[in-house]
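# Understanding the architecture of this molecule
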Amino acid sequence: MTISGISEQIIRAVNTILKDMGVAEPRATLEHPENILHGDLSTNAALAYAKELKMNPRELAGKILTALGDYKLEHVDKNESAGPGFINFQINPEFIGTEIVRISDDEKFGRTPVLKSKKIVVEYTDPNAFKVFHIGHLMSNSIGESISRIIDYSGATVVRLCYPSDIGLHIAKAVWAIKNNLKELPSEDTAITLRTDFLGKMYVYGTAQYEESPEVKAEIDSINKKLFEKSDKELNDIYEKGRRWSFEHFEALYKKLGTKFDGYIYESEVAEPGKKIVLAHVGKVFQESDGAIVFKGEDYGLHTRVFLNSQGLPTYEAKEIGLNTKKFADIPDIDTSIVLTGNEQNEYFKVVRKALELIDPKIGTRTHHIGHGMLRSTAGKMSSRKGNVITGESLIEEMEEMTLEKMADREMTDAEKKIVATDVAIGAIRYSILRQAPGGNIIYDPEKSVSFEGDSGPYLQYAAVRALTVIQKANEAGLKKFSIKDILPESGFINQDSFAVTAGTLERMMVRFPEMVERACKEYAPHHITGYLTELAGLFNSFYAGNKIIDPTKPAESSYRLSVTKAFATVMTNGLYLLGINVPPKM
């Protein structure tokens, strides 16, 4: 029997008791008590149904507990009422110990089949050609990559997509600026970071001129139209070179971040198809207004947005229609299409999704939008329009340098330190992003993020490395492998005091890992895993400090404690993987 099986038998028993008492349709639920010392599972059924049965919640809890005495709840050691009417259940240590030994041999522990046979598309990161890859893109990449891994762990087929912006007014601004500064254009053998830095500066310059000069504005608007039509060779050559440089740099960053997309759909690919779809639905979904084509969102409690401007060019909204239509055309049998964007696009996406529903209900109803907050510097919100932007690459490099300073006295080669520094830097950033729900803004604290102690990515990585080091030493010492039969009561081990100490909160917390994965998957919320791993690391560190794991004088206890350590290493490694964080070879 599994933990979920134990939960199901408790729910069946409580529902049967409630029905016998007169509840028409009882639906008892279980959750974990806030304090693990109060039990492994808890139900609020007495609170939920006291009014219907005209009883005091505590009185009802007592009656349910009495009735539970007639049920043989397998692997449940005791149940008791608590607080205003909760009923807590504690699973027996034999079962917990057996699970720990099983986990210690299961490298795939945490995988669940809840999304088996589902195909889910996740679109995230979506950088802009001719602009820098800023920390907002790190935000999207971290959340999107984590959600993709969690969905994959839950049994679904995941298709990772990226929607880079490679056409539009921002491109025209940069192309205009480059055309007017061709002497400064870097050569092909210049470092890619310097080439893309130049592109970013050109975008900022072009934007400033567009806003300040009516003449330049007219030139850039004309360039925008020519780029869309591909009608000017000189402009096309500048555009193609800048586009290639941008995407070459993005690919290098994806590799460093551990992201590999299954496909790309570029904005330039969906502009014309999006325009055609909008035109085909004028009078049905869209309306003409002052020479433009708009969607009257007010009819659906939303707001009006322009899909084709007065020049007949598709806006972001029309391109979004083309993009999402192309997804469902190119990838058969999509069950859900998830799109990650910044919170500032939440209302925009509601309009787009409603338009999609009216054009093709299958696409609209299966498209799910997740808005995320901003990663802010201490100076406030970033702006690539003004140039005061923190690039994703510069933030990673800063974290690498801080990590190398902390490791100055470590006995490692420079090459080893560099690998660890990159893993720790990315772990620090990703943890800071994923420690809270996706919708909130984050004020990034560099010093705190690379701390090896408490509430940080490196803290979790260090706990995993510590466990793996113990396992390596145990293997070198030839420590006997513990088996499930050693846990059984007849072995005699279960009655030893050492087991009572170790079969406690750490083990009970570890067996919950699949539930954490399932919850994070259901809610598209990696922060559930982040919080869980932080608590788990604290429990392991206390276990490590309070127990001599490899003790030649106590082989049975040592073998079991090694199983606990192996189980922890598995859970922590797998959990960090779901957050997109590597476990370094050493720290």
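Quick summary incoming for the structure in this document.

Definitions and limits used
Residues numbered from 1 in each chain as written. Predicted model: local features only at pLDDT ≥ 70, side-chain atom pairs only at ≥ 80, totals over all residues. Heavy atoms only, no water. Helix = DSSP H or I, 4+ residues; strand = E, 2+ residues; numbered from the N terminus. Expected span 1.5 Å × (residues − 1). Buried < 20%, exposed > 50% of the residue type's maximum accessible area, 1.4 Å probe, protein only. Contact = heavy atoms within 4.5 Å. Pairing = 2+ DSSP bridges. Axes fitted to C-alpha atoms, helices over the stretch in contact; angles between N-to-C directions. Phe/Tyr/Trp six-rings, centres within 6.5 Å; stacked < 30°, edge-to-face > 60°. Lys NZ or Arg CZ within 6 Å of the ring centre and 35° of its normal. Patch = residues over 30% accessible without salt bridge, like charges linked within 9 Å, V, L, I, M, F, W, Y side chains within 5 Å. Areas by Shrake-Rupley, 256 points an atom, 1.4 Å probe, with all protein chains shown as cover. Salt bridge = Lys/Arg side-chain N within 4 Å of Asp/Glu carboxyl O. Lys, Arg positive; Asp, Glu negative; His and termini not counted. Charge placed at Lys NZ, Arg CZ, Asp CG, Glu CD. Right-handed = clockwise from strand over helix to strand, strands pointing away. Parallel < 35°, antiparallel > 145°, perpendicular 65-115°, else oblique. Polar contact = N/O pair within 3.5 Å; in protein donor to acceptor, adjacent residues only side chain to side chain. Core = buried A, V, L, I, M, F, W, Y, C linked by side-chain atoms within 4.5 Å.

### As for helix H7 (residues 192-212)
- End to end, H7 covers 31 Å across 21 residues, agreeing with the expected 30 Å (1.5 Å per residue, within 8%).
- Three or more residues of H7 are buried, namely Ile192, Arg195, Thr196, Phe198, Leu199, Gly200, Met202, Tyr203, Gly206, Thr207 and Tyr210.
- Buried residues along H7 sit against helix H6 (169-179), helix H8 (214-229) and helix H9 (233-257).

### Points about the sheet that holds strand E3 (residues 86-91)
- Strand order in the open sheet formed by 3 strands is E1-E3-E2, and the pairing between neighbours is antiparallel. Lying at the two open borders of the sheet, with one neighbouring strand each, are strand E1 (41-43) and strand E2 (76-82). When the angles between neighbouring strand axes are averaged without regard to direction, this sheet yields 20°.

### Re the packing of aromatic side chains
- Enumeration according to the criterion identifies 23 aromatic pairs in this entry.
- Taking 5.0 Å as the distance between ring centres and 50° as the angle between the ring planes, the aromatic pair formed by Tyr124 and Phe261 counts as tilted. Here Phe261 lies in the loop between H9 and strand E6 (263-264) and Tyr124 lies in the loop between strand E4 (119-123) and helix H5 (135-153), a separation of 137 residues in the sequence. There is no split in this pair, since Tyr124 and Phe261 are both buried.
- Geometrically, the ring pair formed by Phe540 and Phe568 is stacked, given 4.0 Å between the ring centres and 5° between the ring planes. In this pair, Phe540 is assigned in helix H21 (residues 527-546) and Phe568 in helix H22 (residues 555-578), connecting sequence segments 28 residues apart. Taken individually, Phe540 and Phe568 each receive the classification buried, so the pair is uniform in this respect.
- Its guanidinium or amino end placed over the ring of Tyr577, Arg149 lies 4.4 Å from that ring's centre, counting from NZ or CZ.

### Quick notes on a negative patch on the surface
- Taken together, Glu397, Glu398, Glu401 and Glu405 make up a surface patch of like negative charges.
- Take Glu401: it is sitting in helix H14 (residues 392-406).
- On the basis of relative accessibility, which here comes to 51%, the residue Glu401 falls in the exposed class.

### With respect to the pairing of strand E5 (residues 157-162)
- Burial of E5 is extensive: 5 of the 6 residues sit out of reach of the surface.
- Where E4 meets E5, 5 bridges bridge the pair, whose relative direction is parallel. Each bridged residue has a counterpart across the sheet, and for Ile120 the counterpart in E5 is Val158.
- Crossover E4 to E5 through H5 is right-handed.

### Details of the pattern of salt bridges
- What the rule picks out here adds up to 28 salt bridges.
- A salt bridge links Glu523 to Arg519; the nearest nitrogen and oxygen atoms lie 3.2 Å apart. In this pair, Glu523 and Arg519 both sit in helix H20 (residues 513-523), 4 residues apart, roughly one turn of the helix.
- Salt bridges sharing partners connect three or more residues here, namely Glu188, Arg195, Arg244 and Glu248.

### Quick word on the sheet that holds E6
- Reading across the sheet, the 5 strands line up as E6-E5-E4-E10-E11 and stay open at both edges, with parallel pairing between neighbours. The two strands at the open ends of the sheet, each matched to only one other strand, are E6 and strand E11 (367-372).

### Re the packing of H20 against H21
- The geometry of H20 relative to H21 is characterised by a closest axis approach of 8 Å and an angle of 155° between their N-to-C directions. On the basis of the axis angle, H20 is roughly antiparallel to H21. On H21, the residues that touch Phe513, Met516, Val517, Arg519, Ala520 and Glu523 of H20 are His528, Ile529 and Tyr532.

### Quick word on the side chain of His137
- Relative to the elements of secondary structure, His137 occurs in helix H5.
- Other than its neighbours up to four places away in sequence, His137 contacts Thr125, Asp126, Pro127, Asn128 and Val132.

### A short note on the environment of Asp445
- With respect to the helices and strands, the residue Asp445 is situated in the loop between strand E13 (442-443) and helix H16 (446-449).
- Look at Asp445 and you get partly exposed, because its relative accessible area is 38%.
- Placed 60 residues apart in sequence, Asp445 and Thr505 show a C-alpha to C-alpha distance of 31 Å.
- Within the structure, Asp445 has its side chain in polar contact with the backbone nitrogen of Glu447 (distance 3.3 Å).

### Overview of unusual backbone geometry
- For Phe130, which is not glycine, the phi dihedral falls at a positive 70°.
- Here Phe130 lies in the loop between E4 and H5.
- The backbone of Asp333 shows a phi angle near 65°, a positive value even though the residue is not glycine.
- Here Asp333 is to be found in the loop between helix H11 (316-330) and strand E10 (336-342).

### Regarding the nonpolar core
- Of all hydrophobic cores here, the largest spans 138 residues; its most connected members are Leu68, Ile100, Phe130, Ile151, Val175, Leu227 and Met510.
- Element by element, the count of residues in this core is highest for H22, at 10 residues.
- When sequence neighbours within four positions are dropped, the list of residues in contact with Leu68 reads Ala13, Val14, Ile17, Leu73 and Phe89.

### Describing helix H4 (residues 93-104)
- The end-to-end C-alpha distance of H4, which contains 12 residues, comes to 16 Å, matching closely the 16 Å that a straight helix rising 1.5 Å per residue would cover.
- The element H4 is extensively covered by neighbouring structure, given that 9 of its 12 residues are classed as buried.
- The complete set of buried residues in H4 reads Phe95, Ile96, Gly97, Thr98, Glu99, Ile100, Val101, Ile103 and Ser104.

### Describing the side chain of Asn541
- Of note, Asn541 is situated in helix H21.
- When residues no more than four places from it in sequence are discounted, the contact partners of Asn541 are Tyr459, Ala463 and Arg466.

### A short note on the environment of Ile167
- For Ile167, the position within the fold is in the loop between E5 and H6.
- Classification of Ile167 by relative accessible area gives buried; the value is 6%.
- When the C-alpha positions of Ile167 and Ala271 are compared, they lie 8.5 Å apart, and in sequence the two are 104 residues distant.
- Not counting residues up to four positions away in its chain, the partners in contact with Ile167 are Leu227, Phe228, Tyr239, Glu267, Ser268 and Lys319.

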